[in-house]
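Structural characterization, general
The chain contents come next:
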Protein chains: 2
Amino acid sequence: MTTARRSDATRAAILEAARERFASDGYDRATIRSIARDAGIDPSMVMRYYGNKEGLFAAASEIELDLPELGGLPARHIGAVLVTHFLERWERDDVLTGLLRVGVTNEAGAERMRAVFAQQLGPVTRGVCPDPAEAPRRAALVASQILGMALTRYVLRLPPVAEMAPEEIVAWLGPTVQRYLTAEAP
Amino acid sequence: MTTARRSDATRAAILEAARERFASDGYDRATIRSIARDAGIDPSMVMRYYGNKEGLFAAASEIELDLPELGGLPARHIGAVLVTHFLERWERDDVLTGLLRVGVTNEAGAERMRAVFAQQLGPVTRGVCPDPAEAPRRAALVASQILGMALTRYVLRLPPVAEMAPEEIVAWLGPTVQRYLTAEAP
DNA sequence: ACTGTAGGCCAACGGGCGTTGACATCCCAT
DNA sequence: ATGGGATGTCAACGCCCGTTGGCCTACAGT
């Protein structure tokens with residue numbers, strides 16, 4: 001293992017401040033100067049450790065969806081399980097909201113978002129849908145509903161969605177996701 | 001009626017350029033200077049006619065969803081009709097994509113988006129769901145799926161979604177919207 | 001104890017931004 | 001024909017941005 005550097009605390013502070021700023025302000029308004037101010041250091045340190053603003057964003061938007069294995073549970077529950085998991089995942093930290101905000105106006109952010117869903121959601125769906133060749137399409141349909149919920153609830157804050165209880169959301173969206181994954185093609 | 005002003009052409013050119021820039025670049029990167037350049041006039045004209053950048057955005061984001069009346073058609077078709085309408089509406093011009101882009105990073109854009117869906121989608125749903133008191137919540141669920149589709153297809157361009165034929169999308173999302181509107185509460 | 005280096009700050013750069021006010025030009029009503 | 005408001009250009013303002021390079025400082029290896 002590499003020995004701990006003295007600067008590790010600073011690096012971490014920068015990253016944390018960056019995640020918060022990207023999440024709340026989007027790419028353009030999250031300035032290096034404001035991130036540095038939040039982290040209590042000089043803007044030039046950000047450049048030293050992350051090269052430039054794009055490098056900082058790349059480091060700040062590492063995402064792990066931590067999706068559960070769907071193979072071992074009753075087929076009729078996977079919709080609810082997935083929706084529940086995404087809701088919890090979204091509320092655990094701001095990184096996903098940040099990625100969503102950035103992906104909308106920044107091509108690098110959009111690319112990261114595509115990669116996350118292709119590499120992490122795609123494989124999980126492969127085992128549960130009727131024809132494995134259709135897995136990417138079904139995963140994308142699931143993404144459209146999950147991201148739509150995240151967008152209206154956490155970003156746009158459309159009142160009825162923002163105020164619904166998690167269980168209600170699961171009850172409504174679960175069957176949708178379930179159908180996108182397991183129903184015969186319409 | 002008020003007589004036509006000589007400047008109407010310029011005003012229209014500014015508005016068109018603004019819509020395109022807001023749609024493709026989002027609020028921050030759509031600069032007044034670039035909009036003026038597209039419109040072939042001086043940036044100060046934008047200020048003269050629209051006051052400031054916020055005023056320009058407000059003028060450029062007037063939206064008409066043109067939703068059809070749902071009362072007169074078979075209840076089991078309203079999901080497909082709605083999804084079809086939204087797809088066509090989204091492809092007709094860039095304004096909706098622009099509003100989506102701006103709503104994600106700009107509070108004024110988010111507010112406009114909330115208003116559009118509350119005032120235009122809300123009333124249409126009131127007539128078709130079991131309990132009128134629940135109409136806002138059901139409209140919001142519909143919005144979550146419709147906006148999720150728009151986000152993944154037109155903004156993030158998630159490949160499987162971006163490449164699906166409109167009929168396929170209608171076949172998959174129609175039943176979802178149908179259920180959100182007409183099913184008994186789960 | 002000495003020294004090299006990693007960690008950190010400061011001041012400045014070039015550039016783009018939104019916005020403003022002074023000035024030129026055109027066209028229409030008189 | 002001419003005066004005046006509408007239309008448009010130009011140059012500049014103050015501001016904040018990302019980024020750079022020089023300069024202290026303090027610690028770790030010898």
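This section reports on the structure supplied with the text. Because the structure is a prediction, the values reported are computed rather than measured.

Neighbouring residues of DNA strand D: 18 residues in total, closest Ile32(A), Arg33(A), Lys53(A), Thr10(B) and Arg48(B). The contact atoms of DNA strand D, taken as those within 4 Å of the protein, divide so that sugar and phosphate hold 49%. Between DNA strand D and Thr31(A), the relevant distance is 3.3 Å, taken from a phosphate oxygen to a side-chain nitrogen or oxygen of the residue. The backbone of Asp42(B) places a nitrogen or oxygen atom 3.1 Å from a phosphate oxygen of DNA strand D. The biggest single contributor to the surface near DNA strand D is helix H3 (residues 43–50) of chain B, with four residues. Residues that form the surface near DNA strand D fall into these classes: five nonpolar, six polar and seven charged.

Turning next to the side chain of Arg101(A). Note that Arg101(A) resides in helix H6 (residues 95–105). No salt bridge is formed by the buried Arg101(A), whose closest oppositely charged neighbour, Glu107(B), lies at an N-O distance of 6.6 Å. In this structure the side chain of Arg101(A) is engaged in a polar contact, spanning 2.6 Å, whose partner is the backbone oxygen of Ala23(A). Separated by 2.9 Å, the side chain of Arg101(A) and the backbone oxygen of Val104(B) make a polar contact. The contact partners of Arg101(A), leaving out residues within four places of it in the chain, are Phe22(A), Ala23(A), Ser24(A), Gly26(A), Val155(A), Val104(B) and Thr105(B).

Let's shift gears to the pattern of salt bridges. If the charged atoms of two oppositely charged side chains come close together, the side chains can form a pair. Counted by the stated rule, this structure contains 20 salt bridges over all chains. Between Asp28(B) and Arg29(A) there is a salt bridge; the shortest N-O distance is 3.1 Å. With one member in each of two chains, Asp28(B) in helix H1 (residues 8–29) and Arg29(A) in helix H1 (residues 8–29) form a pair that bridges those chains. A residue is classified by how much of its surface remains accessible, and Asp28(B), at 25% relative accessible area, is partly exposed. Of the charged contacts, one joins Arg89(A) and Asp93(A) as a salt bridge, the two residues approaching to 3.4 Å between their closest N and O atoms.

This next bit is on the interface of chain B and chain A. The partner chain A presents 47 residues to the 47 residues of chain B that form the contact. In total, chain B and chain A occlude about 3,900 Å² of area from one another, counting both sides; carbon and sulfur atoms represent 69% of this. Among the residues of chain B in contact with chain A, Val104(B), Leu156(B) and Trp172(B) are the three that bury the most area, contributing 19% of the side total. Scanning the region where chain B abuts chain A turns up four salt bridges. Put simply, Arg137(B) and Glu168(A) hold a salt bridge, and the shortest N to O gap is 2.1 Å. Along the contact surface separating chain B from chain A lie 18 residue pairs in polar contact (both at pLDDT 80 or more). In the side of chain B that touches chain A, the residues fall into 27 nonpolar, nine polar and eleven charged.

Our focus in this paragraph is the protein's contact with DNA strand C. Taken together, the neighbourhood of DNA strand C is formed by 19 residues, with Ser7(A), Ser44(A), Arg48(A), Thr31(B) and Arg33(B) sitting nearest. Each atom of DNA strand C within 4 Å of the protein was classed as base or backbone; sugar and phosphate made up 55%. A distance of 3.0 Å is found between a phosphate oxygen of DNA strand C and a backbone nitrogen or oxygen belonging to Lys53(B). When contributions to the surface near DNA strand C are tallied by element, the ones reaching two or more residues are helix H3 (43–50) of chain A together with helix H2 (32–39) and H3 of chain B. Among the elements that take part in the surface near DNA strand C, H3(A) stands out by supplying four residues, more than any other. Tallied by class, the residues present in the surface near DNA strand C amount to five nonpolar, six polar and eight charged.

So, on to the relation of the copies chain B and chain A. Between the two copies, chain B and chain A, the superposition gives an RMSD of 0.0 Å; the rotation angle is 180 degrees and the shift along the axis is 0.0 Å. Expressed as an axis order, the relation between the two copies is that of a two-fold axis. Within chain B, Gly148(B) has its C-alpha nearest the rotation axis, a separation of 1.7 Å. Comparing interface residues between copies, 100% of those in chain B also lie at the interface in chain A; the contact surface is shared.

Rules and cut-offs
- Within any chain, residue numbers begin from 1 and follow the written order of that chain's sequence.
- Numbering of ligands from 1 and lettering of chains from A proceed in the order in which they are written.
- With the structure being a predicted model, the display of local features is reserved for residues of pLDDT at least 70 and the display and counting of side-chain atom pairs for 80 or more, all residues being used for whole-chain, interface and lining totals.
- Processing note: side-chain calculations cover all non-hydrogen atoms of the structure and skip hydrogens and water entirely.
- Nearness of a residue to a molecule or strand requires only that one of the residue's heavy atoms be within 4 Å of it.
- Counting of polar contacts relies on pairs of N or O atoms within 3.5 Å, with two restrictions inside protein: one atom must be capable of donating a hydrogen and the other of accepting it, and residues adjacent in sequence are counted only when both atoms are side-chain atoms.
- Strands here are runs of E lasting at least two residues and helices are runs of H or I lasting at least four, both read from the DSSP assignment and numbered beginning at the N terminus.
- Note on residue categories: nonpolar means Ala, Val, Leu, Ile, Met, Phe, Trp, Tyr, Cys or Pro, charged means Asp, Glu, Lys or Arg, and polar means any other residue, Gly included.
- Here the term buried applies to any residue with accessible area under 20% of the maximum for its type, exposed to any over 50%, and partly exposed to those in between, with areas from a 1.4 Å probe on protein chains only.
- Charged residues are defined narrowly, with Lys and Arg counted positive, Asp and Glu counted negative, and His plus the chain ends left uncounted.
- Each reported salt bridge corresponds to a side-chain nitrogen of Lys or Arg within 4 Å of a carboxyl oxygen of Asp or Glu.
- Only heavy atoms enter the contact rule, under which two residues are in contact if any of them lie within 4.5 Å.
- The term buried area means the drop in 1.4 Å probe accessible area that two parts suffer when joined, counted for both and summed.
- Each copy is superposed on the other by least squares, with the fit set by C-alpha atoms of residues at a pLDDT of at least 70 in both.

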